[in-house]
Amino acid sequence: MTNRNISFIVKDQQPLMLRPTDSVQLACQRMSERSVGAVLVTDGHHHLKGIFTGRDAVKMVGAGGHPAETPLGEAMTPAPDTIGPEHKAIEALHMMCDGGYRHLPVVQDGKVVGIVSRSDFKGLELDQFEDEQSLWERIC
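Residues numbered from 1 in each chain as written. Predicted model: local features only at pLDDT ≥ 70, side-chain atom pairs only at ≥ 80, totals over all residues. Heavy atoms only, no water.

Participant: I'm lost on the overall build of the protein in this one. Help?
Facilitator: Helix and strand counts for the protein come out as six helices and six strands. When each of the 140 residues of the protein is scored for burial, the buried share is 36%. Contacts in the protein between residues far apart in sequence, at least 24 positions, make up 59% of those at least 6 positions apart. A total accessible area of about 8000 Å² is found for the protein, and carbon and sulfur atoms account for 51% of it. (Helix = DSSP H or I, 4+ residues; strand = E, 2+ residues; numbered from the N terminus. Buried < 20%, exposed > 50% of the residue type's maximum accessible area, 1.4 Å probe, protein only. Contact = heavy atoms within 4.5 Å. Areas by Shrake-Rupley, 256 points an atom, 1.4 Å probe, with all protein chains shown as cover.)

Participant: Is there a simple way to explain the sheet that holds strand S2 (residues 38–42) in this structure?
Facilitator: The pairing of strands in a sheet happens through backbone hydrogen bonds and is either parallel or antiparallel. Spatial strand order, S1-S2-S3-S4: four strands in an open sheet with mixed pairing. Of all strands in the sheet, those bounded by a partner on one side alone are strand S1 (17–18) and strand S4 (77–78). The pairing of S2 with strand S3 (residues 48–53) spans five bridges and is antiparallel. Note on S3: the bridge partner recorded for Thr 42 is Leu 48. Of the strands in this sheet, S1, S2 and S3 touch helix H2 (residues 24–34), which is tilted by about 70 degrees from S3. Where helix H3 (residues 54–62) meets the sheet, it contacts S3 and S4, and its direction lies at approximately 75 degrees from that of S3. (Pairing = 2+ DSSP bridges. Axes fitted to C-alpha atoms, helices over the stretch in contact; angles between N-to-C directions.)

Participant: For this particular structure, what's the right way to read the pairing of S3?
Facilitator: Consecutive side chains along a regular strand alternate between the two faces of the sheet. Within S3, five of the six residues are buried, which leaves the element mostly enclosed by the surrounding structure. Linking two consecutive strands that pair antiparallel, namely S2 and S3, is a turn of five residues; a positive phi of about 65 degrees is found at His 46 within it.

Participant: What am I meant to see in the layout of surface pockets here?
Facilitator: The rolling of a water-molecule-sized probe over the atoms marks out the regions of remaining empty space. In this structure, the largest pocket spans a volume of roughly 260 Å³. Taken together, 14 residues form the lining of the largest pocket, with Ile 51, Thr 53, Arg 55, Thr 77 and Tyr 101 sitting closest to its centre. Elements that contribute at least two residues to the lining of the largest pocket include exactly S3, H3 and strand S5 (103–108). Taken together, the residues of the lining of the largest pocket sort by class into five nonpolar, four polar and five charged. Approximately 160 Å³ is the volume attributed to the second largest pocket. Forming the walls of the second largest pocket are 14 residues, and the residues nearest its centre are Gln 13, Val 36, Gly 37, Ala 38 and Ile 115. Counting residues per element, the ones that place at least two in the lining of the second largest pocket are S2 and strand S6 (111–117). (1 Å grid on protein atoms, 1.4 Å probe; cavity = no way out; pocket = protein on both sides within 12 Å on 5 of 7 lines; lining within 4 Å. Points joined across faces, edges and corners; volume = space filled by probe spheres on them. Nonpolar A, V, L, I, M, F, W, Y, C, P; charged D, E, K, R; others polar.)

Participant: Just checking my understanding: could you explain H2 for this structure?
Facilitator: The periodicity of an α-helix, 3.6 residues per turn, causes residues three or four positions apart to be oriented the same way. Val 24, Ala 27 and Met 31 are the residues of H2 that are buried. Here the buried residues of H2 occupy an arc of 60 degrees about the axis, which is enough to place them on one side. Among the exposed residues of H2, those pointing more than 90 degrees away from its buried face are Ser 32 and Glu 33. Against the buried residues of H2 lie S1, S2, S3, H3 and helix H4 (72–75). Two residues or fewer after H2 comes Ser 35, characterised by a positive phi angle close to 50 degrees. (Arc of directions from axis to C-beta.)

Pasting the structure below:
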């Protein structure tokens, strides 16, 4: 389990997907029901339009938005970074660290196939990532 392919991590996954017209309140309810930290916002053909996370909810409410009335399309992070299922776990960890986010949609041929978060990575993958980060910090 030193550096799994992303496809292995998401193989049986059914990511939470909603449409841009669905409300922030619905997204928050579904996130709570499924104990997940993100919703992938897609069109009717599972093409990724954006991602909605707890951070987006806090921003929207903090700005005076109303969750029941605000559509995801107005509160989501549009066009997020993505990774393909053929990539390695360490690549996803680097992308999340460099981009400052905790969730990374997995897309193949333009369609969502899953999502990875930092908690999906285990033992040796995290050790390798931390070793690489430490080395990079010493070099710079």
